[in-house]
Amino acid sequence: MPDDQRDRRRNKSEDDITAEVLARFAETPDPRLRQIMLSLVGHLHAFVKEVQLTEAEWFQAIEMLTAAGKLCSDKRQEFILFSDTLGVSMVVDLLDHRKPEGATESTVFGPFHRLGAPEMPAGGNIAHRDTTGMPMLVSGRVLDLDGRPIAGALIDVWQAQTNGLYDSQDAHPDELHMRGKLRSDAAGRYLIRTVRPVHYPIPSDGPVGRMLKATGRHPWRPAHIHFVVSAEGYEPVTTHIFDRADSYLASDAVFAVKESLICDFVRHDSPTPEASRLGLAPPFLAAEFDFRLAPATTVPVTDAQRQLAALGAHA
Ligand SMILES: [Fe+2]
């Protein structure tokens, strides 16, 4: 090797390495992948240099990611939890789901959606095995941006049980519970029977939990019910409704609360026609929430949205 080349290698600085890595990715054929890789390498190297990362810290990060990977299964998704608790999921949500005025706002998908939720008629009870929670009716309409009803919209709903656990975290993780798929009727109306959702801590027995503990953060999410609402010709929306009375609304561990998704859960001590029809005796809670879908053409459909729509339509 000529002397001048040997000298250059010996005198390499950290910035030389960054430049060399960037140059190596500069010929990536796909322009979007090129943009992402160059930016990723630039920011990642800048971060490592800014905090002057030690080898021990770097190895700790590798171990943490390894532990996260080992925890993942069809019932546990530690990387989504990392993304959620670092606020990345909500930033992506905001960037990628610019909704037109009046459309229902989206929020995180979360790690607990499961395929195979049962189809139910209007008034179907997703909480049939939960005998301790306060009974609750959730109803409303699925509308377009002009307020016209959307008939036959698919409402994929899921929530935690009264013990604060999703079915996949509980004693019989293979049995689906607190999940259902319902359709809106000709007037766009839907009706779901459930129990009051509770606030719950995200799983904190893994690396995400250790990160929260080490940084003095709590793992709690305010009480909410998850929805993916989809209809032919409209943008599907992935969202939650939140209980206005919840004490964690201002400090959701995954930053997912939006004002427009906060809902009054109203206590009823006397029967209502809807409750009587379902054989539901007071006291119970009722929440009203209208989903407003944007037409499919107003925003470009991304692969992620297509995936979510497919989950709703075929699961
Ligand atoms: Fe949840």
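Computed from a predicted model, the values in this text were never measured in an experiment. Residues take numbers from 1 onward in each chain, read along the sequence in its written order. The predicted origin of the model limits local features to residues at a pLDDT of at least 70 and limits the giving and counting of side-chain atom pairs to 80 or more, whereas totals for whole chains, interfaces and linings rest on all residues. Side-chain descriptors were evaluated using all non-hydrogen atoms of the structure, hydrogens and water having been removed beforehand.

**Side note on the coordination of the iron ion**
Using the following cut-off: Atoms are scored as donors when they are N, O or S and lie within 2.8 Å of the metal, with 3.2 Å used for Na, K and Ca; no water is included, so coordination may look incomplete. Key to geometry: four donors with every angle between 85 and 135 degrees are tetrahedral; four donors are square planar and six octahedral where opposite donors lie over 155 degrees apart and all remaining angles lie between 65 and 115; all other sites are irregular. Helix and strand labels come from DSSP, where a helix needs a run of H or I of at least four residues and a strand needs a run of E of at least two; each type is numbered from the N terminus. For each residue, the accessible area found with a 1.4 Å probe, counting protein chains only, is set against the maximum for its type, and the residue is called buried under 20%, exposed over 50%, and partly exposed in between.
Protein coordination at the iron ion: the donors are Tyr 166 (OH), Tyr 200 (OH), His 224 (NE2) and His 226 (NE2), at 1.9 to 2.1 Å from the metal. Seen from the iron ion, its four donor atoms lie at angles of 90 to 159°, and the figure they make is irregular. We note that the donor set of the iron ion lies within a single chain, spaced as Y-x33-Y-x23-H-x1-H. Of the two residues, Tyr 200 is situated in strand β5 (residues 200-201) and His 224 in strand β7 (residues 224-230); the sequence distance between them amounts to 24 residues. In this pair, the class of Tyr 200 matches that of His 224, namely buried.

**Things to note about the domain arrangement of the protein chain**
Counted only if it meets this: An automatic or database domain assignment provides the domain bounds reported here.
Domain parsing of the protein chain yields domain 1 (3-53) and domain 2 (78-314). Between the C-alpha centres of domain 1 and domain 2 the distance comes to 42 Å.

**Remarks on the packing of helix α5 (residues 78-85) against helix α7 (residues 207-214)**
The criterion, for reference: Helix axes use the C-alpha atoms of the stretch in contact, all axes being lines fitted to C-alpha atoms, and the angles between their N-to-C directions lie in the range 0 to 180 degrees. We call two directions roughly parallel when the angle between them is under 35 degrees, roughly antiparallel when it is over 145, roughly perpendicular when it lies between 65 and 115, and oblique otherwise. Contact definition: two residues touch when any of their heavy atoms are within 4.5 Å. Three classes are used: nonpolar for Ala, Val, Leu, Ile, Met, Phe, Trp, Tyr, Cys and Pro, charged for Asp, Glu, Lys and Arg, and polar for all others, with Gly counted as polar.
Remark: α5 packs on α7, axes separated minimally by 9 Å, with the N-to-C direction vectors making an angle of 25°. It follows that α5 is roughly parallel to α7 by the angle criterion. For the pair α5 and α7, contact is made by Glu 78, Leu 81, Phe 82 and Thr 85 and by Pro 207, Val 208, Met 211 and Leu 212, respectively. Grouping the amino acids of the contact of α5 with α7 by side-chain chemistry returns six nonpolar, one polar and one charged.

**Section: the nonpolar core**
Here is the rule: Buried Ala, Val, Leu, Ile, Met, Phe, Trp, Tyr and Cys residues form a nonpolar core when they are joined through side-chain atoms within 4.5 Å.
In terms of nonpolar packing, the biggest core is built from 47 residues, with Val 138, Val 142, Tyr 190, Ile 192, Phe 227, Val 229 and Ile 241 touching the most fellow members. With residues near it in sequence (within four places) discarded, Val 229 still touches Val 142, Leu 154, Ile 155, Glu 235, Pro 236, Val 237, Phe 291 and Leu 293. In terms of nonpolar packing, the next biggest core, distinct from the first, is built from five residues, Leu 137, Leu 191, Leu 280 and Phe 284 among them.

**Some points on a nonpolar patch on the surface**
To keep things clear, this is the line we draw: Residues forming no salt bridge and having over 30% relative accessible area are the ones grouped into patches, like charges within 9 Å of each other and nonpolar side chains (Val, Leu, Ile, Met, Phe, Trp, Tyr) within 5 Å. Areas reported as accessible are Shrake-Rupley estimates using a 1.4 Å probe. Residue values count occlusion only from the protein chains shown. A pair is scored as a salt bridge if a Lys or Arg side-chain nitrogen falls within 4 Å of a carboxyl oxygen belonging to Asp or Glu.
There is a patch of nonpolar side chains on the surface, built from Leu 40, Leu 44, Phe 47, Val 48 and Val 51 and spanning about 420 Å² of accessible area. According to the relative accessible area criterion, Leu 40 is partly exposed, its value standing at 45%.

**Re the sheet that holds strand β8 (residues 237-243)**
Going by this rule: For two strands to be treated as a pair, DSSP must find at least two bridges joining them.
Across the sheet, which stays open at both edges, the five strands sit in the order β3-β2-β7-β8-β9 with mixed pairing between neighbours. What marks the edges here is a single partner per strand, and that holds for β3 (179-183) and β9 (262-263). Relative to β8, β7 runs antiparallel, the two being bridged by six bridges. Its bridge partner lying in β8, His 224 is registered against Phe 242.

**What to know about the side chain of Ser 89**
What counts here: For this analysis, a polar contact is any N or O atom pair within 3.5 Å, provided that within protein one partner can donate a hydrogen and the other can accept it, and provided that sequence-adjacent residues contribute only side-chain to side-chain pairs.
Residue position: Ser 89 is located in helix α6 (residues 88-96). A relative accessible area of 16% places Ser 89 in the buried class. At 2.6 Å, the side chain of Ser 89 forms a polar contact with the side chain of Ser 83. There is a polar contact of 2.5 Å between the side chain of Ser 89 and the side chain of Asp 84. In this structure Ser 89 touches Ile 80, Ser 83, Asp 84 and Val 108, once residues within four positions along its chain are discounted.

**Quick notes on α6**
Note the cut-off: Regarding the arc, it is the one traced by the directions from the helix axis to the C-beta atoms.
Within the span of α6, buried status applies to Ser 89, Met 90 and Asp 93. Buried residues in α6, looked at end-on, bunch into an arc of 95°, giving them a common side. Along its buried surface, α6 packs onto α5.

**A closer look at the pairing of strand β1 (residues 135-144)**
In the case of a regular strand, side chains alternate between the two sheet surfaces. Most of β1 is tucked away: eight of the 10 residues are buried. Relative to strand β4 (residues 189-195), β1 is paired through seven bridges, and the arrangement is antiparallel. Paired with Arg 141 across the two strands is Arg 189, which belongs to β4. In this structure, β1 lies alongside strand β11 (residues 284-288), joined through four bridges in parallel fashion. For Leu 137, the partnering residue across the bridge sits in β11 and is Ala 286. As paired strands, β1 and strand β12 (residues 291-293) are joined by three bridges and run parallel to one another. Its bridge partner being in β12, Asp 144 is matched across the sheet by Leu 293.

**Here's the deal with the packing of aromatic side chains**
This is how the line gets drawn: Between rings of Phe, Tyr and Trp, where Trp is taken as its six-membered ring, a pair exists when centres lie within 6.5 Å; planes separated by under 30 degrees are stacked, by over 60 edge-to-face, and by other angles tilted.
On inspection of all chains with the given rule, the structure shows nine aromatic pairs. Among the aromatic residues, ring-to-ring pairing joins Tyr 190, Phe 227, Phe 289 and Phe 291 into one connected group.

**Comments concerning the pattern of salt bridges**
Pairing between side chains of opposite charge can happen when their charged atoms approach one another. Under the criterion given, the structure shown has 19 salt bridges. The closest approach of N and O atoms between Asp 74 and Lys 75, which form a salt bridge, is 3.6 Å. Relative accessible area serves as the criterion here: at 67%, Asp 74 is assigned to the exposed category. When its relative accessible area of 22% is taken as the criterion, Lys 75 is described as partly exposed. The salt bridge partner of Asp 146 is Arg 148, with a shortest N-O separation of 3.2 Å. On the basis of relative accessible area, Asp 146 is assigned to the exposed category, the value being 60%. Beyond isolated ion pairs, a larger network of salt bridges with shared partners links Lys 12, Glu 20 and Arg 24.

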